[in-house]
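A closer look at the structure
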Amino acid sequence: MNDMRQMTSLGRKIENNSFSIIDKEAGPHSHPPGDWEVVRRIIHATADFEYRDLTKVHPKAIQEGIKALKKGCPIICDVQMIIAGLNIERLNSYRCKTYSFISDPEVIQIAKENNSTRAIESMKKAANLGLLEGAVIAIGNAPTALLEIVRLVQEERIRPALVIGVPVGFVSAAESKEALLDEKFQSEYSIPYILTRGRKGGSTIAVSIIHALLLLSTEKNS
């Protein structure tokens, strides 16, 4: 697992050239090296340099995310699209399993009965199954899933290893991220996070963050 990138030498050269361009065009920034590896992969996936400033990384996010992955933590996703984008071979090397309950029939039924959302009920199901403790939670699509994670931390004292909060959208997307970033919330619970402020985000970004952590995990003894 010295290089988890599954590409030819030419493909690797193209990727390395892309990162060189990103480093040059991004200009000065305050991200530490590990954080920058995450941010530059987000930029690589989106060609959007606004993420240099929109991306916020908890001081312990890289360390705790890598540690959890190496322990074979569950990866809980709000949508199947994130799982579809992940490299299963990389995850299997640490015995990490992925879960998304957004299309679970029971989740759909409960959401209808409670006038809730599938995203909320999918996070509740993951909590009931004991999957959120020590997990990496990746939310790229549903702000209500992120808001539910914040509630579960506050009210049910769940303790995920890392929350990747990058839901995209116009309704509650920015607000859900601010709830996770909230100074009072973090002061009390100190939940490691990687998030993108504002409306921008998406499943592709969640995937790029997880892949960055997996690659960093081969370089760090965490």
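Since the structure is predicted, the reported quantities are computational estimates derived from the model, not experimental observations.

Thresholds applied
Residues numbered from 1 in each chain as written. Predicted model: local features only at pLDDT ≥ 70, side-chain atom pairs only at ≥ 80, totals over all residues. Heavy atoms only, no water. UniProt positions renumbered as here; feature names shortened; annotations may be inferred. Helix = DSSP H or I, 4+ residues; strand = E, 2+ residues; numbered from the N terminus. Expected span 1.5 Å × (residues − 1). Buried < 20%, exposed > 50% of the residue type's maximum accessible area, 1.4 Å probe, protein only. Pairing = 2+ DSSP bridges. Right-handed = clockwise from strand over helix to strand, strands pointing away. Contact = heavy atoms within 4.5 Å. Axes fitted to C-alpha atoms, helices over the stretch in contact; angles between N-to-C directions. Phe/Tyr/Trp six-rings, centres within 6.5 Å; stacked < 30°, edge-to-face > 60°. Lys NZ or Arg CZ within 6 Å of the ring centre and 35° of its normal. Salt bridge = Lys/Arg side-chain N within 4 Å of Asp/Glu carboxyl O.

Focus: the UniProt feature "domain: Cobalamin biosynthesis precorrin-8X methylmutase CobH/CbiC" (unreviewed entry) in the protein
- UniProt annotation of "domain: Cobalamin biosynthesis precorrin-8X methylmutase CobH/CbiC" (unreviewed entry) refers to residues 13–214 when read in the numbering used here.
- Its end C-alpha atoms 20 Å apart, residues 13–214 is made of 57% helix and 10% strand.

Structural notes on helix α12 (residues 203–217)
- Taking 1.5 Å per residue as the helical rise, α12 with its 15 residues ought to reach 21 Å, and the 21 Å between its terminal C-alpha atoms agrees with that figure.
- Burial runs high along α12: 14 of the 15 residues are buried.

Notes on the pairing of strand β5 (residues 162–165)
- Burial along β5 is two-sided: L162 and I164 and V163 and G165, pointing in opposite directions, are all buried.
- Sheet analysis places strand β4 (residues 136–139) next to β5, joined by four bridges and oriented parallel. When the sheet's bridge partners are listed, V136 is paired in β5 with L162.
- Tracing the backbone out of β4, into helix α9 (residues 143–156) and back to the parallel element β5 gives a crossover that is right-handed.
- Pairing analysis gives three bridges linking β5 to strand β6 (residues 193–196), with the strands arranged parallel. Residue pairing across strands places V163 opposite Y193, the latter belonging to β6.

Thoughts on the sheet that holds strand β1 (residues 55–57)
- Overall, mixed pairing links the six strands, which are arranged β1-β6-β5-β4-β2-β3 in an open sheet. Since the sheet does not close on itself, it has two edges, and those belong to β1 and β3 (98–99), each with one partner.
- By the bridge criterion, two bridges tie strand β2 (residues 75–77) to β3 in an arrangement that is parallel. Of the residues in β3, the one forming a bridge with I75 is T98.
- Helix α10 (residues 173–181) contacts β5 and β6 of the sheet and is inclined by roughly 150° relative to β6.

Digging into the packing of aromatic side chains
- Tallying each qualifying case throughout the model produces two aromatic pairs.
- Ring geometry for F185 versus Y189: centroids 5.2 Å apart, planes at 45°, classification tilted. Placement of the pair is F185 and Y189 together in helix α11 (residues 183–189), with a separation of four residues, close to one helical turn.
- You can call F185 buried: its relative accessible area is 3%.
- Directly above the ring of Y51 sits K200, whose terminal nitrogen or CZ lies 6.0 Å from the centroid.

Considering unusual backbone geometry
- At R157, a residue that is not glycine, the phi angle is positive and equals roughly 60°.
- The backbone phi angle of S172 is positive, close to 75°, even though this residue is not glycine.
- Mapped onto the elements of the fold, S172 is located in the loop between β5 and α10.
- Judged by relative accessible area, S172 falls into the partly exposed class, the value being 26%.

Notes on the pattern of salt bridges
- Counted by the stated rule, this structure contains 15 salt bridges.
- Here the salt bridges share partners, and the residues they tie into one network are E15, D23, E37, R40 and R41.

Some details on the environment of C77
- Structurally, C77 is set in strand β2.
- Between the C-alpha atom of C77 and that of I137, which follows or precedes it by 60 residues, the distance is 6.0 Å.
- The residues touching C77, leaving out its near neighbours within four places in the chain, are I82, I83, Y99, S100, M123 and A138.

Details of the side chain of E148
- With respect to the element layout, E148 can be found in helix α9.
- Contact partners of E148, with chain neighbours within four places excluded, come to I120, M123 and K124.

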